[in-house]
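Structure assessment
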Amino acid sequence: MTAIEVRGLRKTYGSRSAVSGIDLSVPHGEVFALLGPNGAGKTTTVEILEGHRRRDSGDVRVLGQDPAVGGRAWRARIGIVLQSATDAADLTVAETVRHIASLYPRPRAVAEVIELVGLGDKVKSKVRALSGGQRRRLDVALGIVGRPEIVFLDEPTTGFDPHARRQFWQLVRALAAEGTTILLTTHYLDEAEALADRLAVIADGVLVAEGTPATLGGRAGAGATVSWTGPAGHESEQTADPVALIAKLTAAGDDLPGLTVTRPSLEDTYLALIGEQR
Ligand code: ATP
């Protein structure tokens with residue numbers, strides 16, 4: 001059984017279509033990333049999966065349950081990190097995490113979760129005294145404290161400094177290693193590449209490509225660019241077989257100073273995919 005199964009999902013706001021027939025299938029234990037430009041329909045899709053928004057039509061199952069009618073027991077099995085930050089309550093970090101932990105049947109230890117998200121030195125700080133990135137870490141702590149089987153992470157590292165992002169990536173990997181299914185939306189292509197087993201690109205409410213980071217949008221089969229410095233200056237050539245080209249170029253025993261071989265980055269592929277939609 002898959003963790004998330006979506007068929008023909010549609011949602012309109014008034015006359016505007018936000019999601020126009022999306023199909024998705026995410027197996028248990030997978031880290032799946034949803035990419036797409038602002039307004040593509042990612043949050044709408046994720047919030048329908050979380051049971052926070054009603055769909056107009058389509059079939060949706062999360063842990064075998066329709067989220068629109070998911071009860072308390074189902075809710076305890078999913079973890080949610082919303083885009084909006086935690087309320088600036090008058091509670092401390094530890095009090096906030098303890099409060100949310102008390103809502104779940106088998107929560108993680110409060111101190112362990114706070115440590116996991118890198119807020120160990122902020123345990124006694126008031127939430128309103130945290131920086132934006134620290135608040136976001138607290139959001140993540142609240143999303144995982146219930147030991148969920150699926151975690152929904154909507155742009156989880158927005159506002160994180162580079163070191164905090166890397167720490168967060170380790171946390172996602174640790175959750176994945178425990179078998180947690182993770183659905184992530186992000187605008188950071190390096191984040192998607194570092195974390196996702198598979199990813200999908202949504203544009204204008206439709207899924208335009210799906211694959212692994214290595215194969216998305218025909219990336220694996222895309223040609224390489226071989227560049228070097230020749231007698232006349234910078235030279236470069238596109239090829240499907242860079243090894244053969246380099247062998248040919250060096251057959252006469254010549255050096256190839258400044259030799260580089262590059263393939264399209266995930267960002268190049270992504271921009272090409274959403275460019276086709278515009
Ligand atoms: P971002 O990357 O900016 O978070 P997104 O891909 O998550 O974007 P959504 O928030 O799902 O996009 O929005 C999809 C479309 O639906 C947008 O055109 C947005 O303006 C519209 N929309 C979203 N929420 C509502 C709402 N509550 N009422 C009306 N329109 C909405």
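A brief report on the enclosed structure follows. (Residues numbered from 1 in each chain as written. Predicted model: local features only at pLDDT ≥ 70, side-chain atom pairs only at ≥ 80, totals over all residues. Heavy atoms only, no water.)

Some thoughts on the site of the ligand
Among the 15 residues in the neighbourhood of the ligand, the closest are listed as Arg-16, Gly-39, Lys-42, Thr-43 and Thr-44. With respect to the ligand, the side chain of Asn-38 contributes an N or O atom lying 2.9 Å from an oxygen atom. Residue Ala-40 places a main-chain N or O atom 3.1 Å away from an oxygen atom belonging to the ligand. For the ligand, the accessible surface in isolation is 640 Å², of which the surrounding protein chains cover 66%. (Near = heavy atom within 4 Å. Polar contact = N/O pair within 3.5 Å; in protein donor to acceptor, adjacent residues only side chain to side chain. Areas by Shrake-Rupley, 256 points an atom, 1.4 Å probe, with all protein chains shown as cover.)

Some words on the side chain of Arg-108
Looking at the secondary structure, you find Arg-108 in the loop between helix H3 (93-101) and helix H4 (110-116). Take Arg-108: its relative accessible area is 4%, and that puts it in the buried class. In this structure, Arg-108 is in contact with Val-113, Ile-144, Val-145, Arg-147, Leu-175 and Glu-178, ignoring residues within four places of it in sequence. (Helix = DSSP H or I, 4+ residues; strand = E, 2+ residues; numbered from the N terminus. Buried < 20%, exposed > 50% of the residue type's maximum accessible area, 1.4 Å probe, protein only. Contact = heavy atoms within 4.5 Å.)

Some remarks on the pattern of salt bridges
Per the stated rule, a full pass over the model turns up 14 salt bridges. The partner of Asp-190 in a salt bridge is Arg-165, and the shortest N-O contact between them spans 3.0 Å. Taken together, the residues span a long stretch of sequence, with Asp-190 in helix H7 (residues 189-195) and Arg-165 in helix H6 (residues 162-177) at a distance of 25 residues. With a shortest N-O distance of 3.5 Å, Glu-191 and Arg-165 are connected by a salt bridge. Taken together, the residues span a long stretch of sequence, with Glu-191 in helix H7 and Arg-165 in helix H6 at a distance of 26 residues. The exposure classification of Glu-191 matches that of Arg-165, with both residues buried. Among the ionic contacts, a cluster of salt bridges with common partners joins Glu-30, Arg-198 and Glu-210. (Salt bridge = Lys/Arg side-chain N within 4 Å of Asp/Glu carboxyl O.)

What to know about unusual backbone geometry
If you check the backbone angles, Arg-147 has positive phi at about 55° while not being a glycine. Of note, Arg-147 is situated in the loop between helix H5 (132-144) and strand E6 (150-154). A positive phi angle is found at Asp-204, which is not glycine, with a value near 50°. Within the secondary structure layout, Asp-204 lies in the loop between strand E8 (198-203) and strand E9 (206-211).

Overview of the sheet that holds strand E10 (residues 224-230)
Paired through backbone hydrogen bonds, the strands of a sheet run either parallel or antiparallel to each other. Reading across from one edge, E11-E10-E12 is the order of the three strands in this open sheet, with antiparallel pairing throughout. The open sheet has two free edges, formed respectively by strand E11 (233-239) and strand E12 (260-262), since each of these has just one partner strand. In this sheet, neighbouring strand axes are inclined to one another by 20° on average, regardless of whether the strands run parallel or antiparallel. In the sheet, E10 pairs with E12 via three bridges, with the strands oriented antiparallel. Paired with Thr-225 across the bridge in E12 is Thr-262. Strands E10, E11 and E12 of the sheet are contacted by helix H8 (residues 242-249), whose axis makes an angle of about 20° with E10. (Pairing = 2+ DSSP bridges. Axes fitted to C-alpha atoms, helices over the stretch in contact; angles between N-to-C directions.)

A word on the environment of His-99
Looking at the secondary structure, you find His-99 in helix H3. Residue classification places His-99 among the partly exposed positions, given a relative accessible area of 47%. Sequence separation between His-99 and Leu-130 is 31 residues; the distance between their C-alpha atoms is 18 Å.

Concerning the sheet that holds strand E3 (residues 31-35)
Read across the sheet, six strands follow the order E5-E6-E7-E3-E8-E9 without closing on themselves; strand pairing throughout is mixed. The open sheet has two edge strands with one neighbour each: strand E5 (78-81) and E9. Within the sheet, the average angular offset between the axes of one strand and its neighbour, ignoring direction, is 15°. Pairing of E8 with E9, which is carried by five bridges, proceeds in the antiparallel orientation. The partner of Val-201 across the bridge, within E9, is Ala-209. In the packing of H5 onto the sheet, contacts are made with E5 and E6, and the angle to E5 comes to roughly 170°.

A look at the packing of aromatic side chains
A full pass over the atoms with the stated rule returns one aromatic pair. The lysine or arginine in question, Arg-137, covers the ring of Phe-160, its NZ or CZ lying 5.9 Å from the ring centre. Stacked on the ring of Tyr-188, the Lys or Arg Arg-165 has its end atom at 4.2 Å from the ring centre. (Phe/Tyr/Trp six-rings, centres within 6.5 Å; stacked < 30°, edge-to-face > 60°. Lys NZ or Arg CZ within 6 Å of the ring centre and 35° of its normal.)

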